[in-house]
Amino acid sequence: MTGALPELAAAYQFLLIAVHFRRNHYGACEPYFPRTAVVIPAWNEAAVIGTSIDRLMLLDYPRDALRIFVVDDASTDDTPDVVLAKAAQYPGNVAHLRREKGGQGKAHTLNHGLEIILADDWMEALLIMDADVIYEPPSLRTMTRHLADPNVGAVTAYIKEGTRPGNYLTRFIGYEYITAQAAARRSQNVLGAIACLAGGAQLHARENLIALGGRIETSSLAEDTFTTFRTQLAGHRVVFEPHAIVWAEEPDKIDGLWKQRLRWARGNVQVTRQFRHLWFRPHRGHRLGSISFGLFWFCLLLQPLFMISSSVSLITLYFASFPQAWRAFHILWIINAVTYIFITLFSLLIDPQTGRHVWREAIMFPGAVNLCIIIYTCFPRLFRDGMDELSSAAHITAARHSPGWLILFVYAWLALSMAVAYLAKVAEPHRAGRFISGLLVYIVGYGSLLCACTFASYIKELRKAETKWEKTEKTGKAAMPI
């Protein structure tokens, strides 16, 4: 029954959102407009950096309290020319900082900018963002109002998938971001422990940056998560602001998604190892060691292992005691069904604007095979009648009982789905591969694809593979909906 643990944890996390109206930070907020420096790490971002700067200059924020620093990581395209043109267009608001030797990764690029910005006492707050993201006009002021509370060290925003035109993969990501950000981070607000400041939208008080040593962690692929943990360990609160909306371009191919999520997953493994002394050890100064936070963290990190153990347990029970296996199978999938319905409906209600765009992917998030298993588990007679009708229409004689090989396949499916998801990545580069890979994702589920990435991260970390930053390519497709 370990396979049901992540589903139960996810349901508990969503239930916490119901008390967000009581346990949030708005009571301590007030209008506050600190002098804010925006630092943007950029490597070959000519296609997107100009638009991002223009959007920042349209923020509902005092222009004399806003300075934009683009840290150019030895770009080889037209990034320097674009930024210098914007510096001339917005004198006093835009600066170009050039690194002659680049390629060390985002954290090193940020640190180059931080060293220069912190040397001047002008900055009171610092916004770290990605070169491609687009901030809605009210976003920054809705974030800075939290810094009116001196106990708050950092604030993060709600990053929404904004690729236009998108495809099936970006719509899956759009739905994922409702669950992972709009929902999960609200529940973390309730708990008082935030897992990660979004890399493209993290606002820091100057005092918090100084407490962190004025530098971003460079030894991990999850520098944003390290910063989040260390902010809270230093006694500062981290807040998620769901009304600060930021739009970002996300990968529209599995290969790009795989590189991005493999980097994130490896970073989470590194964070887990680095902060191993925290887990399930409650501390008065922070909530990172709470039972609830640890449960959420490990259920997500270890999801592939839960899936594999469920399949192995069911197959073992099949040979040891078929009735017990059948009973465990039904309990597991009924829990999956109830959780799936609850989370899907709740997520679409949290962000109905995005929900109208991605509702098909929300329904298909578990994959067609998992949906068939859910329907069979909850409505066995309806499922059998439907299969009988299909068999009759196809002139096939249906067996009265499920054959053993089919039962074993269903029991093994949770583990097998990750292997099939990996095939979607392998198939994509070949002729007709985009269609086949997309079809496979709908069959196995987007969640299984993410779990396959996480499982690959285990292997990379066990092999001590090189910690190398692989940039997600952006082409300027991010846009706010009209």
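Residue positions within a chain follow its written sequence, with the count starting from 1. Local features in this predicted model are restricted to residues whose pLDDT is 70 or higher, and side-chain atom pairs enter the listing and the counts only when it is 80 or higher, whereas totals over whole chains, interfaces and linings include all residues. Hydrogens and waters are ignored; side-chain quantities use all the structure's heavy atoms.

Q: In this structure, what is going on with the overall build of the protein? I would like to understand it.
A: Starting at the N terminus, helices and strands are each numbered in turn, a helix being any DSSP run of H or I of at least four residues and a strand any DSSP run of E of at least two. From N to C terminus, the protein includes 18 helices and eight strands. Here the C-alpha radius of gyration of the protein, 24 Å, is about what a compact globule of 482 residues would show, namely 23 Å. Seen through its principal axes, the protein has C-alpha atoms that stretch 80 × 55 × 45 Å. Residues counted as buried form 54% of the 482 residues belonging to the protein. By definition, residues are in contact when any of their heavy atoms lie within 4.5 Å. Partitioning the intrachain contacts of the protein with sequence separation of at least 6 by distance along the chain shows that 84% fall at a separation of at least 24. What sets the accessible areas is the Shrake-Rupley method with a 1.4 Å probe; for residues, cover comes only from the shown protein chains. Total accessible area on the protein is roughly 21900 Å²; 60% of this is exposed by carbon and sulfur atoms. Two residue types count as positive, namely Lys and Arg, and two as negative, namely Asp and Glu; His and chain ends fall outside the count. Where a charge sits is defined by one atom per residue type, namely NZ (Lys), CZ (Arg), CG (Asp) or CD (Glu). For the protein, the centre of its 48 positive side-chain charges and the centre of its 41 negative side-chain charges are spaced 7 Å apart. The size measure is the radius of gyration over C-alpha atoms, and the globule rule it meets is 2.2 Å times the number of residues to the 0.38 power. Whether a residue is buried, partly exposed or exposed follows from its accessible area with a 1.4 Å probe, protein chains only, as a fraction of its type maximum: under 20%, in between, or over 50%, in that order.

Q: Honestly, the pattern of salt bridges in this entry has me stumped. Any pointers?
A: Pairs may arise between side chains of opposite charge once their charged atoms sit close together. Basic side-chain nitrogens of Lys or Arg form a salt bridge, by our definition, when they fall within 4 Å of a carboxyl oxygen of Asp or Glu. Inspection of every chain in the model, using the stated rule, returns 17 salt bridges. As a salt-bridge pair, Glu176 and Arg261 come within 2.6 Å of each other at their nearest N and O atoms. Of the two residues, Glu176 is situated in helix α6 (residues 168-191) and Arg261 in helix α9 (residues 254-274); the sequence distance between them amounts to 85 residues. Like Arg261, Glu176 is buried. Taking the shortest distance from any N to any O, the salt bridge between Arg230 and Glu217 comes out at 2.4 Å. Of this pair, Arg230 sits in helix α8 (residues 223-233) while Glu217 sits in the loop between α7 (206-211) and α8, placing them 13 residues apart in sequence. Linked by salt bridges that have partners in common, Asp72, Arg98 and Glu100 make up one network.

Q: I tried to follow the side chain of Thr79 on my own but got confused; where do I start?
A: With respect to the secondary-structure elements, Thr79 resides in helix α3 (residues 79-89). A polar contact is formed between the side chain of Thr79 and the backbone nitrogen of Glu45, at a distance of 2.8 Å. Within 3.5 Å is the distance limit for a polar contact, defined as a pair of N or O atoms, with the added protein rule that one can donate a hydrogen and the other accept it, and that residues adjacent in sequence qualify only through two side-chain atoms. Reaching out from Thr79, the side chain makes a polar contact with the side chain of Asp77 at a distance of 2.7 Å. Residue contacts for Thr79: discarding those within four places in its chain leaves Ala42, Asn44, Glu45, Ala46 and Asp72.

Q: Would you mind going over the packing of aromatic side chains with me for this structure?
A: Given two aromatic rings, their pairing is described by the distance between the two centres and the angle made by the two planes. Stacked, edge-to-face and tilted are the three classes for Phe, Tyr and Trp ring pairs, Trp counted by its six-membered ring, which pair at centre distances within 6.5 Å; planes under 30 degrees apart are stacked, over 60 edge-to-face, the rest tilted. Applying the stated criterion across every chain yields a total of 33 aromatic pairs. On the basis of an interplanar angle of 5° and a centroid distance of 5.3 Å, the ring pair of Phe172 and Tyr446 is categorised as stacked. Pair noted here: Phe172 is in helix α6 and Tyr446 is in helix α18 (residues 446-462), with a separation of 274 residues, a long-range link. Take Phe172: its relative accessible area is 0%, and that puts it in the buried class. Note on Tyr446: relative accessible area 0%, which makes it buried. An aromatic cluster of three or more residues is present, and its members are Phe226, Phe229, Phe275, Trp279, Phe280, Phe293, Trp297 and Phe298. Lysine NZ or arginine CZ positioned within 6 Å of the ring centre and within 35 degrees of the ring normal marks a charge as sitting over the ring. The aromatic ring of Trp122 is capped on one face by Arg67, whose charged end is 4.0 Å from the ring centroid.

Q: For this particular structure, what's the right way to read the confidence of the model for the protein?
A: Any segment with low pLDDT has predicted coordinates that should not be analysed in fine detail. Known as pLDDT, the predictor's per-residue confidence is scaled from 0 to 100. Summing up the model confidence of the protein, the mean pLDDT is 91 and the portion of residues at 70 or higher is 93%. Confidence, read as mean pLDDT per element, is least for helix α15 (residues 380-393) in the protein (64) and greatest for helix α5 (residues 139-144) (98).

Q: Would you take a moment to explain unusual backbone geometry for this structure?
A: Most of the time, phi is negative for any residue but glycine, and the peptide bond is trans. With an omega of 0°, the peptide bond between Arg164 and Pro165 qualifies as cis. Located in the positive-phi region is Asn44, a residue other than glycine, with phi close to 50°. Relative to the helices and strands, Asn44 is located in the loop between β1 (36-42) and α2 (49-56). One non-glycine residue, Phe280, lies in the positive phi region at around 60°. Summarising the element assignment, Phe280 is placed in the loop between α9 and α10 (291-301).

Q: Explain the environment of Phe69 here, please?
A: Looking at the secondary structure, you find Phe69 in strand β2 (residues 66-73). A residue is classified by how much of its surface remains accessible, and Phe69, at 15% relative accessible area, is buried. With near-sequence residues (within four places) excluded, Phe69 lies in contact with Ala37, Val38, Val39, Ile40, Ala95, Leu97 and Ile117.

Q: Even after reading the chapter, I still don't get a nonpolar patch on the surface, so can you show me in this structure?
A: Candidates for patches are residues over 30% relative accessible area with no salt bridge; among them, like charges are joined within 9 Å and nonpolar side chains (Val, Leu, Ile, Met, Phe, Trp, Tyr) within 5 Å. Residues Trp405, Leu406, Phe409 and Leu416 make up a contiguous nonpolar surface patch of about 400 Å² in total accessible area. Considering the arrangement of structural elements, one finds Leu416 in helix α16 (residues 404-427).

Q: Please explain the domain arrangement of the protein as it appears in this structure.
A: The figure often quoted for interface size is the accessible area lost as the parts come together. Partitioning the protein into domains gives domain 1 (26-256) and domain 2 (299-462). Source of the domain bounds: an automatic or database domain assignment. For domain 1 and domain 2, the distance between their C-alpha centres works out to 36 Å. Of the residues lining the interface, 22 residues belong to domain 1; the matching set on domain 2 comes to 26 residues. A buried area of about 2100 Å², summed over both sides, lies between domain 1 and domain 2, and 67% of it is on carbon and sulfur atoms. Summed over both partners, buried area is the accessible surface (1.4 Å probe) that two parts give up on being assembled.

Q: Looking at this structure, how should I read the sheet that holds strand β3 (residues 94-99)?
A: The strands making up a sheet are joined through hydrogen bonds of the backbone, oriented either antiparallel or parallel. At least two DSSP bridges between two strands are required for those strands to pair. Sheet architecture is open: eight strands sit in the order β3-β2-β1-β4-β7-β6-β8-β5, paired in mixed fashion. Only two strands of the sheet have a single partner each, and these edge strands are β3 and β5 (134-135). Bridge count for strand β4 (residues 125-129) against strand β7 (residues 201-205) is five bridges, and the pairing is antiparallel. The residue bridging Ile128 from the neighbouring strand is Gln202, located in β7. Orientation is described by lines fitted to C-alpha atoms, with helices fitted over the stretch in contact, and by angles between N-to-C directions that extend from 0 to 180 degrees. Against the sheet, α2 touches β1, β2, β3, β4 and β5, its axis set at about 165° to β2. Across the sheet, helix α4 (residues 106-118) lies against β1, β2, β3 and β4, angled at about 145° from β1, the strand it touches most.

Q: Mind showing me how you'd approach the nonpolar core here?
A: A general tendency of soluble globular proteins is for nonpolar side chains to be buried together. Among buried residues, those of type Ala, Val, Leu, Ile, Met, Phe, Trp, Tyr and Cys that are joined through side-chain atoms within 4.5 Å constitute a nonpolar core. Ranked by size, the top nonpolar core spans 81 residues in total, and within it Ile40, Ile68, Tyr135 and Tyr446 carry the most contacts. Tallying contributions element by element places helix α12 (residues 322-350) first for this core, with eight residues.

Q: Explain the pairing of strand β6 (residues 152-161) here, please?
A: Look at any regular strand and the pattern is simple: side chains alternate between the two faces of the sheet. Of all 10 residues in β6, 10 are buried; the element is thus mostly enclosed. Pairing of β6 with strand β8 (residues 237-248), which is carried by nine bridges, proceeds in the parallel orientation. In the sheet register, Lys160 faces β8, and the bridge partner there is Trp247. Two strands pair when backbone bridges link them, and β6 and β7 are joined in this way by three bridges, in the antiparallel orientation. Looking at β7, one finds that Ala154 is bridged to His204.

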